[in-house]
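Listed below are the residues making up each chain.
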Amino acid sequence: MRIVEKRILAKGICLFVIEAPLIAKKAEPGQFVIVRHKENGERIPLTIADYNRDQGTITLVCHGIGKSTQEINQLNQGDSFLDVLGPLGLAMPIEKVGKVLCVAGGLGVAPMYPITRILKAAGNHIISIIGARSQEMLIMTEEMEAVSNQIHYCTDDGSFGHHGFVTDVLSQVLQEQEIDLVVAIGPLPMMAAVAKITKEFAVPTQVSLNALMVDGTGMCGGCRVTIGEKTKFACVDGPVFDAHQVNFAELLSRQNFYRDQEQAALHQCRIGVGR
Amino acid sequence: MRQAMPKQAAEERAQNFAEVALGYTLEQAIAEANRCLQCKRPLCVEGCPVHIDIPGFLKLLAEGNPIPALAKIKEQNSLPAICGRVCPQENQCEGRCVVGIKGDPIAIGNLERFVADYAREVGQEPVLTPAQSLDKKVAVIGSGPAGLAAAADLAQFGYQVTVFESLHAAGGVLRYGIPEFRLPKDIVQHEIDAISELGVEIVTNHLIGQTLTLDDLFEAGYSAIFIGTGAGLPNFLNIPGENLNGVYSANEFLTRVNLMKAYLPEYDTPIKVGQKVAVVGAGNVAMDAARTAKRLGAEEVRIVYRRSRQEMPARLEEIENAEEEGILFSLLTNPVEMIGDESNTVKVLRCQRMTLGEPDQSGRRNPVPVPNEYIDLSADTVIVAIGQGPNPVLLRGTEGLALTERGYIKVNDENLMTSIPGVFAAGDIVTGAATVIQAMGAGRKAASAIHAYLLEQEGN
Ligand SMILES: Cc1cc2nc3c(=O)[nH]c(=O)nc-3n(C[C@H](O)[C@H](O)[C@H](O)COP(=O)(O)OP(=O)(O)OC[C@H]3O[C@@H](n4cnc5c(N)ncnc54)[C@H](O)[C@@H]3O)c2cc1C
Ligand SMILES: Cc1cc2nc3c(=O)[nH]c(=O)nc-3n(C[C@H](O)[C@H](O)[C@H](O)COP(=O)(O)OP(=O)(O)OC[C@H]3O[C@@H](n4cnc5c(N)ncnc54)[C@H](O)[C@@H]3O)c2cc1C
Ligand code: SF4
Ligand code: SF4
Ligand code: FES
């Protein structure tokens, strides 16, 4: 699966447009792919951040946080992914509901973009709230502005827009206006905080969960999450779920389970031992 | 006397992933084959789901001709190196062997394995060539034993066959489930290569139902479709604490090790095993998980099973191997809760003592709980190996595909056709979790039915 375009969106965040005609044909907002970038590599889930059915391409945005994602970000235009499997998961249901708040943090903007675009095309009024650590880390702002009726920016360091978290702006908007649906994509703690607030306001909320995965086809059960009282497999039952039903505490602890081993892998590759 | 299978010593093999059973020498194989009585009405053949001509191949082997013996087996079974290793022979061919009534049955599985290994090692395998070339395409979904067997036969009939597999490597459970020390992956690859050489195209990374639908396949010009997607969805116990860290389905644990090679430093997929491992269940999958955990360095590995030893569904040989390797068994012990530490990692598997009650209709004695008798087993890894259900992906993406009450694909018993004309299914996705040879046998039956169906279509 050849990379036809690569762009660096921010420090450590790269966008890849890759040739994947079958996936491009079927992809819907909210779905993802699993890639391997090399023999011996991990299977890494990445959201389909955009797709072009005519050109047969899909867009992936990758944040280099560990060994595999950092290696992926070293791939260049003309290189190929060894494996790309998808589209995986269920599409997010899109309807005209009225006013929709799209809350995205950090890398979450990338998967939020096609969802927002389609929500807008379905006739919804879109208010976007976009957060990042600092101005340099804000990505895809132009794209988001083009599909939002209104847009708010927040940075942790105050270098751009509101000085503080997306949740501050969220509470404010919810106090001022009737909102029909909230969609939140970003780091787990952010989505958990959003869910808590929107629950108080009783606004239906959708989140996209990035549980740890192996196969992505329902075979291993490693991606299980508790939704309501039930165990669901994020790769086949999700990854988009009703935020008010998600057990975020459990999910957070599951994500950190391999942290020490992964840091060891990263350390090893940085100092180049045995690789 | 039955020839004993040479094995790696238990203490040694519990430290490595190399194959446990080392295989017979030619002399041993001939001696063992000579024990066969060449029965006129061979019951062993009835016990084999694909009806291999067992006395036939044993005779050739006893005469010192392993290559023709293999050709005889290959008339019925395209994966002998695999079946010889993993078939539950005690319930199948060997279970019916008359020599077994008074003594030890002929080691049919060991001999089947021997002739396949021998031919591979000396590079003299029977080359199969398609009978003719037909201008028709057939799609096979899933590359487990059912799909591979169906693909091989369809190619022999002359069809252009494409196998679609969702993972990045072919083989199904043979690849991701059954561990290296029981079924070396080189052997699996070799058998798959032989099927590719028949002209079968194997495309990986295609999840049918998502990447392509059955309708897409028909539109792309496939005249018939075979579904062999297996029973891949792991069951859980549904007890409190099951989503704690350190709790794996056997599928995840084994996939991390077998497919993703997490135990080799040059692979990036992580795995954690800890000091104490509890494996819930007592089938082949449970034995494989337990023995794998031991090899990954766990100090104490325990099988936790709610029934007694007699009811354990695993192959006898694997239970014995596990015992030799120091796996502990807590029988009549049923998990009721998993308890974690402050980081949400499992620490204790709480179990209730069980006793066997009255036999049920099937004659099996059901376990019943002993009131107020609990034991706490300490465990930093719990592996749940209590069976699998049908994977939903293809089923939900296919309109009009009738399912059974348990959610498996419903087929016509005669020709294995599903409710959709031209779509056939076999293997674990039809029967529920079964055996390699049963899946293969059913895959072959489906291939013949597809051939008949397409001939009939042509006639109309
Ligand atoms: C459905 C889905 C969609 C995803 N979409 C994207 C995407 O579009 N772009 C992108 O960059 N990433 C995405 N991810 C996350 C991405 O798959 C992980 O970041 C990646 O697997 C980490 O691999 P690594 O080897 O680089 O890092 P590791 O070394 O494995 O991990 C580095 C650190 O990140 C944490 N971590 C690991 N996996 C995850 C995870 N799944 N989610 C959050 N934290 C994790 C670890 O605990 C560790 O602290 C998605 C995940 C899922 C399940
Ligand atoms: C750990 C373990 C140990 C076992 N040990 C033994 C043993 O010792 N002896 C024995 O006889 N049996 C054993 N079994 C059982 C045996 O392996 C199975 O009965 C047999 O593999 C079933 O074959 P199958 O072809 O129906 O399915 P599988 O082997 O499950 O293959 C199905 C394939 O289809 C693929 N697939 C699924 N859905 C899709 C889709 N939508 N699109 C494309 N591809 C798809 C899967 O990735 C998989 O590769 C064991 C099973 C396990 C899990
Ligand atoms: S295929 Fe299995 S059951 Fe049949 S003869 Fe061989 S080992 Fe026995
Ligand atoms: S039943 Fe036993 S002795 Fe008789 S033919 Fe079969 S293997 Fe030989
Ligand atoms: S990732 Fe394996 S079941 Fe979801």
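Since the structure is predicted, the reported quantities are computational estimates derived from the model, not experimental observations.

1. Brief notes about the overall build of chain B
Part 1 of the reasoning: Counting secondary structure elements, chain B contains 19 helices and 15 strands.
Part 2 of the reasoning: The C-alpha atoms of chain B give 23 Å as radius of gyration, which agrees with the globular expectation for 460 residues (23 Å, within 12%).
Part 3 of the reasoning: Judged by the C-alpha coordinates and their principal axes, chain B covers about 70 × 55 × 50 Å.
Part 4 of the reasoning: For chain B, the proportion of its 460 residues judged to be buried stands at 58%.

2. Focus on the nonpolar core
The tendency in soluble globular proteins is for nonpolar side chains to be buried side by side.
Part 1 of the reasoning: In this structure, Ile54(B), Phe57(B), Leu111(B), Leu214(B), Leu217(B), Phe226(B) and Ile227(B) are the most contacted members of the largest nonpolar core, which totals 96 residues.
Part 2 of the reasoning: Dropping the residues within four chain positions of it, Leu214(B) is found in contact with Ile141(B), Ile208(B), Ile225(B), Ile227(B), Leu394(B), Thr398(B), Ile420(B) and Val423(B).
Part 3 of the reasoning: Within the second largest apolar cluster, 57 residues are counted, among which are Ile34(A), Leu85(A), Val103(A) and Phe241(A).

3. A closer look at the interface of chain B and chain A
Part 1 of the reasoning: Across the contact, 43 residues belong to chain B and 44 residues belong to chain A.
Part 2 of the reasoning: Summed over both partners, the interface of chain B with chain A comes to about 3700 Å²; 50% of that surface belongs to carbon and sulfur atoms.
Part 3 of the reasoning: For chain B, the biggest contributors to the area lost against chain A are Asn243(B), Asp268(B) and Lys272(B); these three give 20% of the whole.
Part 4 of the reasoning: For the interface between chain B and chain A, the tally reads 1 salt bridge.
Part 5 of the reasoning: For Asp216(B), the salt bridge identified is with Lys26(A), shortest N-O distance 2.3 Å.
Part 6 of the reasoning: There are 21 residue pairs in polar contact (both at pLDDT 80 or more) connecting chain B and chain A.
Part 7 of the reasoning: Elements that contribute at least two residues to the side of chain B that touches chain A include exactly strand 5 (233–234), strand 6 (247–249), helix 14 (250–258) and helix 17 (392–396) of chain B.
Part 8 of the reasoning: At 4 residues, helix 14 of chain B tops the list of elements feeding residues into the side of chain B that touches chain A.
Part 9 of the reasoning: Here the residues of the side of chain B that touches chain A are counted per class, giving 16 nonpolar, 19 polar and 8 charged.

4. Quick word on helix 5 (residues 166–176) of chain A
All names here are of chain A.
Part 1 of the reasoning: Within helix 5 the residues assigned to the buried category are Val166, Thr167, Val169, Leu170, Val173 and Leu174. Each buried residue of helix 5 sits inside an arc of 155 degrees when the element is viewed along its axis, so together they form one side. Pointing more than 90 degrees away from the buried face of helix 5 are the exposed residues Gln175 and Glu176.
Part 2 of the reasoning: On its buried side, helix 5 packs onto strand 7 (99–105), strand 8 (125–132), strand 9 (150–155), strand 10 (162–163) and helix 6 (188–200).

5. Some remarks on the pattern of salt bridges
Residue and element names in this part refer to chain B.
Part 1 of the reasoning: Per the stated rule, a full pass over the model turns up 39 salt bridges over all chains.
Part 2 of the reasoning: For the salt bridge of Arg256 with Glu252, the shortest nitrogen-to-oxygen distance reads 2.9 Å. In this pair, Arg256 and Glu252 are both assigned in helix 14, 4 residues apart and thus about one turn of the helix distant.
Part 3 of the reasoning: A relative accessible area of 4% means that Glu252 is categorised as buried.
Part 4 of the reasoning: Glu317 is the salt-bridge partner of Arg315, the closest N and O atoms lying 3.1 Å from each other.
Part 5 of the reasoning: Within this structure, Lys7, Arg13, Arg182, Asp288, Arg291, Arg295, Arg315, Glu317, Glu318, Glu324 and Glu325 form a network of salt bridges that share partners.

6. Here's the deal with the environment of Gly228(A)
Part 1 of the reasoning: With respect to the secondary-structure elements, Gly228(A) resides in the loop between strand 13 (224–227) and strand 14 (230–233).
Part 2 of the reasoning: The spacing of Gly228(A) and His244(A) is 16 residues in sequence and 8.2 Å in space, taken between C-alpha atoms.

7. Comments concerning the site of ligand 2
Residues and elements named next belong to chain B.
Part 1 of the reasoning: Lining the immediate environment of ligand 2, one finds 36 residues, of which Val86, Ala146, Glu165, Arg182 and Ile208 sit closest.
Part 2 of the reasoning: Within the backbone of Ala146, an N or O atom sits 2.9 Å from an oxygen atom of ligand 2.
Part 3 of the reasoning: Backbone polar atom of Asp428 to an oxygen atom of ligand 2: 2.9 Å apart, as the coordinates give it.
Part 4 of the reasoning: Relative to its unbound accessible area of 1000 Å², ligand 2 is 96% covered by the protein chains.

8. Topic: the sheet that holds strand 4 (residues 222–227) of chain B
Residue and element names in this part refer to chain B.
Part 1 of the reasoning: What the 5 strands build is an open sheet, ordered 3-2-1-4-15; its pairing is parallel. At either margin of the open sheet sits one strand with a lone partner, and together these are strand 3 (201–203) and strand 15 (423–425). Within this sheet the neighbouring strands show an average axis-to-axis angle of 20 degrees, counted without direction.
Part 2 of the reasoning: When strand 2 (residues 160–164) meets strand 3, the two strands line up parallel, connected through 3 bridges. Note on strand 3: the bridge partner recorded for Thr162 is Glu201.

9. Overview of the sheet that holds strand 10 of chain A
Strand-to-strand pairing in sheets goes through backbone hydrogen bonds, with the strands running parallel or antiparallel.
Residues and elements named next belong to chain A.
Part 1 of the reasoning: Taken in spatial order, the 7 strands of this open sheet run 10-9-8-7-11-12-15, and their pairing is mixed. Across the chains shown, the open sheet's two edge strands, defined by having one partner strand only, are strand 10 and strand 15 (240–242).
Part 2 of the reasoning: In this structure, strand 12 (residues 205–208) lies alongside strand 15, joined through 3 bridges in antiparallel fashion. Residue Val207 lies in a different strand from strand 15, and its bridge partner there is Phe241.

10. So, the domain arrangement of chain A
All names here are of chain A.
Part 1 of the reasoning: What the domain assignment lists for chain A is domain 1 (3–88), domain 2 (92–205) and domain 3 (209–257).
Part 2 of the reasoning: Distance from the C-alpha centre of domain 2 to the C-alpha centre of domain 3: 22 Å.
Part 3 of the reasoning: Contacts between the two partners involve 11 residues from domain 2, matched on the other side by 11 residues from domain 3.
Part 4 of the reasoning: The junction of domain 2 with domain 3 conceals about 880 Å² of combined surface from both sides, 77% of it contributed by carbon and sulfur atoms.
Part 5 of the reasoning: Put simply, domain 2 and domain 3 have 0 salt bridges between them.
Part 6 of the reasoning: Summed over the shared surface of domain 2 and domain 3, the result is 3 residue pairs in polar contact (both at pLDDT 80 or more).

11. Overview of the pairing of strand 6 (residues 83–88) of chain A
Residues and elements named next belong to chain A.
Part 1 of the reasoning: Of all the 6 residues making up strand 6, 6 are buried; the element is thus mostly covered by neighbouring parts of the structure.
Part 2 of the reasoning: Looking at chain direction, strand 3 (residues 32–36) and strand 6 are connected through 4 bridges and run antiparallel. Among the inter-strand pairings, Arg36 is bridged to a residue of strand 6, identified as Asp83.

What counts, and where the lines are drawn
Residues numbered from 1 in each chain as written. Chains lettered and ligands numbered in written order. Predicted model: local features only at pLDDT ≥ 70, side-chain atom pairs only at ≥ 80, totals over all residues. Heavy atoms only, no water. Helix = DSSP H or I, 4+ residues; strand = E, 2+ residues; numbered from the N terminus. Rg over C-alpha atoms; globule rule 2.2 N^0.38 Å. Buried < 20%, exposed > 50% of the residue type's maximum accessible area, 1.4 Å probe, protein only. Core = buried A, V, L, I, M, F, W, Y, C linked by side-chain atoms within 4.5 Å. Contact = heavy atoms within 4.5 Å. Buried area = accessible area lost by both parts, 1.4 Å probe. Salt bridge = Lys/Arg side-chain N within 4 Å of Asp/Glu carboxyl O. Polar contact = N/O pair within 3.5 Å; in protein donor to acceptor, adjacent residues only side chain to side chain. Nonpolar A, V, L, I, M, F, W, Y, C, P; charged D, E, K, R; others polar. Arc of directions from axis to C-beta. Near = heavy atom within 4 Å. Areas by Shrake-Rupley, 256 points an atom, 1.4 Å probe, with all protein chains shown as cover. Pairing = 2+ DSSP bridges. Axes fitted to C-alpha atoms, helices over the stretch in contact; angles between N-to-C directions. Domains from an automatic or database assignment.

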